[in-house]
Amino acid sequence: MVPVNDVPQVTDNQAESRFELRADGHLAELDGRGFGGRLVAAAVDRAAREGLTLVPLCPFARGWLERHTAEAGQVTVDWGNRGGTAG
């Protein structure tokens, strides 16, 4: 049994090409508890470690990267031509 006050950990599920966070036996969804930001931050961390380029297709991830410029500045981000930043 997991103690109630433990913070859920992000898992890098490379087989599924995604980062996951499980809470209360469910795959995390954006529900206002900061999980989405933790998932994007984990993607930034991996991209920085492995020299990968981030392509933020998800509107939440794109917005998070736009608001967290210090974190986004650690990696190459392919903004494409979606939204405000032209590529």
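Residues numbered from 1 in each chain as written. Predicted model: local features only at pLDDT ≥ 70, side-chain atom pairs only at ≥ 80, totals over all residues. Heavy atoms only, no water.

Draft legend 1. Fine view of the environment of Leu-21. Relative to the helices and strands, Leu-21 resides in strand β2 (residues 18-23). A relative accessible area of 1% places Leu-21 in the buried class. For the pair Leu-21 and Val-10, spaced 11 residues apart in the sequence, the C-alpha separation amounts to 4.7 Å. Beyond its immediate chain neighbours, meaning those up to four positions away, Leu-21 contacts Pro-8, Gln-9, Val-10, His-26, Leu-27, Ala-28, Phe-35, Arg-38 and Leu-39. (Helix = DSSP H or I, 4+ residues; strand = E, 2+ residues; numbered from the N terminus. Buried < 20%, exposed > 50% of the residue type's maximum accessible area, 1.4 Å probe, protein only. Contact = heavy atoms within 4.5 Å.)

Draft legend 2. Summary view of the environment of Val-44. As for its placement among the helices and strands, Val-44 is situated in helix α1 (residues 35-50). Here Val-44 falls in the buried class, since its relative accessible area comes to 2%. Note: C-alpha distance between Val-44 and Gln-74 (30 residues apart in sequence) is 7.7 Å. Setting aside residues up to four positions removed in sequence, Val-44 forms contacts with Leu-54, Trp-64, Leu-65, Glu-71, Gln-74 and Val-75.

Draft legend 3. Summary view of the nonpolar core. Membership of the largest hydrophobic core is limited to 12 residues, which are Val-40, Ala-43, Val-44, Ala-47, Leu-54, Ala-61, Trp-64, Leu-65, Ala-72, Val-75, Val-77 and Trp-79. Where this core is concerned, the elements lending two or more residues are α1 and α2 (59-67). If one sorts the elements of this core by residue count, α1 sits on top with four residues. Leave out the neighbours within four places in its chain, and Val-40 touches Phe-60, Ala-61, Trp-64 and Leu-65. Counting residues in hydrophobic clusters, the runner-up holds five residues, among them Leu-21, Ala-23, Phe-35 and Leu-39. (Core = buried A, V, L, I, M, F, W, Y, C linked by side-chain atoms within 4.5 Å.)

Draft legend 4. Inspection of the sheet that holds strand β1 (residues 10-13) at higher detail. Spatially, β1-β2-β3 is the arrangement adopted by the three strands of the open sheet, whose pairing is antiparallel. What marks the edges here is a single partner per strand, and that holds for β1 and β3 (26-27). By the bridge criterion, four bridges tie β1 to β2 in an arrangement that is antiparallel. Looking across to β2, one finds that Thr-11 is bridged to Glu-20. Across the sheet, α1 lies against β1 and β2, angled at about 145 degrees from β2, the strand it touches most. (Pairing = 2+ DSSP bridges. Axes fitted to C-alpha atoms, helices over the stretch in contact; angles between N-to-C directions.)

Draft legend 5. Spotlight on the pattern of salt bridges. Inspection of every chain in the model, using the stated rule, returns four salt bridges. The residue Arg-62 makes a salt bridge to Glu-66 at a minimum N-O spacing of 3.8 Å. Note that Arg-62 and Glu-66 are positioned in helix α2 at a spacing of four residues, about one turn of the helix. With relative accessibility at 39%, the residue Glu-66 sits in the partly exposed group. One continuous salt-bridge network, built from bridges that share partners, spans Asp-12, Arg-46 and Glu-50. (Salt bridge = Lys/Arg side-chain N within 4 Å of Asp/Glu carboxyl O.)

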